[in-house]
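Chain by chain, the residues run as shown.
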Amino acid sequence: MCAILFTNIDRIRTNQFLESLKLMSYRGPDASGFFNKNNSKLGHNRLKIQDLNDRGNQPFSSQNKRYICIFNGEIYNYKKLALEHNIELKTTCDTELLVELFVMHGEKMLTMLNGMFAFLIFDKKSNNYFIARDRLGIKPLYIYNSSEGVIISSEVNAILKLIKTIELDDLGIRQYKKLRAFHNNRTIYRNISSFPPAHYFNS
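The structure displayed is predicted, hence computed values, not measured ones.

Peer 1: Requested: an account of the overall build of the protein, with residues and values cited.
Peer 2: Across its full length, the protein holds five helices and 11 strands. By the compact-globule yardstick of 17 Å for 203 residues, the protein fits well, its C-alpha radius of gyration being 17 Å. When its C-alpha atoms are laid out on the principal axes, the protein stretches across 50 × 35 × 30 Å. A buried classification covers 49% of the 203 residues belonging to the protein. Of the contacts formed within the protein by residues at least 6 apart in sequence, a portion of 57% connects residues at least 24 apart. When the 28 basic and 19 acidic side-chain charges of the protein are each reduced to a single mean position, those positions are 4 Å apart.

Encoded structure:
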């Protein structure tokens, strides 16, 4: 497993963001990376599996340097997709295939993927971001929405460290007490939801 963290909230400083990212370091003890542009911050903790080389560290830049990717998961058919779409990979990590396939096909690339994933791709030119989660929701992804902006994370605890006020969600609490589970993408916290499986969002 790895950990991803993103925010576009202006008031969150670099040191705060890195402290929050550190809370998830156990998910990716092999490397930790950070990217910041126009108050959008991307962080990643990496567990090396397919490519043990540092060239696979994230945040990972596309070959055209426009897009930055943070990714938790594994794409089982990444080598096959690289051949089918004539993508010349510079590394042996599936993250590179993921971002290059997005450059070529945008959101349509999701139908091609065989794997488990939660990822975010940031467009340095427009400051927009694209997030997606695998069909079964194997890889976790949480999102906090406010008037200030968003925080997107592999874990709720990293979000809690960055928000000003923590409010409990009464319905979420009742769901968990009765069913020992959350439904409709709720969590125990107000304004923090689980990003639904088999979904994507393009800002």
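Anyway, onward from the coordinates.
Peer 1: Describe helix α1 (residues 14-22), and please don't skip the residues or the numbers.
Peer 2: Spacing of three or four residues puts side chains on the same side of an α-helix, whose turn is 3.6 residues. When α1 is considered as a whole, its buried residues turn out to be Phe 17, Ser 20 and Leu 21. Looking down the long axis of α1, one finds its buried residues gathered within 100 degrees of arc, a one-sided arrangement. Against the buried residues of α1 lie β1 (3-7), β2 (31-37), β3 (40-46) and α4 (156-160).

Peer 1: Give a description of the sheet that holds strand β8 (residues 142-146) that names residues and reports values.
Peer 2: Taken together, six strands build an open sheet; the order of strands is β2-β3-β1-β9-β8-β10 and the sheet is antiparallel. Each edge of the open sheet carries a strand with a single partner, namely β2 and β10 (192-194). Taking each pair of neighbouring strands and ignoring which way they run, the sheet shows an average axis angle of 15 degrees. This element, α1, spans β1, β2 and β3 of the sheet and lies at about 30 degrees to β3.

Peer 1: Account for the pairing of β2, with residues named and values stated.
Peer 2: Bridge analysis of β2 against β3 gives seven bridges, and the strand direction is antiparallel. For Gly 33, the partnering residue across the bridge sits in β3 and is His 44.

Peer 1: Explain the environment of Lys 48 to me, using residue names and the numbers behind them.
Peer 2: Take Lys 48: it is sitting in the loop between β3 and β4 (60-61). Under the relative-accessibility criterion, Lys 48 is labelled buried at 18%. The sequence separation of Lys 48 and Cys 93 amounts to 45 residues, and the corresponding C-alpha distance is 9.4 Å. Not counting residues within four places of it along the chain, the set of residues in contact with Lys 48 comprises Asp 30, Asn 53, Asp 54 and Asn 57.

Peer 1: Before we move on, can you summarise the sheet that holds strand β11 (residues 200-202) with the specific residues and values?
Peer 2: With antiparallel pairing, five strands are arranged side by side in an open sheet as β4-β5-β6-β7-β11. The open sheet has two free edges, formed respectively by β4 and β11, since each of these has just one partner strand. Relative to strand β6 (residues 115-123), strand β5 (residues 67-75) runs antiparallel, the two sharing nine bridges. Within β6, the residue paired with Asn 72 across the bridge is Ala 118. Against the sheet, helix α3 (residues 94-105) touches β4, β5, β6 and β7 (129-133), its axis set at about 125 degrees to β5.

Cut-offs and rules
Residues numbered from 1 in each chain as written. Predicted model: local features only at pLDDT ≥ 70, side-chain atom pairs only at ≥ 80, totals over all residues. Heavy atoms only, no water. Helix = DSSP H or I, 4+ residues; strand = E, 2+ residues; numbered from the N terminus. Rg over C-alpha atoms; globule rule 2.2 N^0.38 Å. Buried < 20%, exposed > 50% of the residue type's maximum accessible area, 1.4 Å probe, protein only. Contact = heavy atoms within 4.5 Å. Lys, Arg positive; Asp, Glu negative; His and termini not counted. Charge placed at Lys NZ, Arg CZ, Asp CG, Glu CD. Arc of directions from axis to C-beta. Pairing = 2+ DSSP bridges. Axes fitted to C-alpha atoms, helices over the stretch in contact; angles between N-to-C directions.

Just geometry here; none of it tells us what the structure is for.
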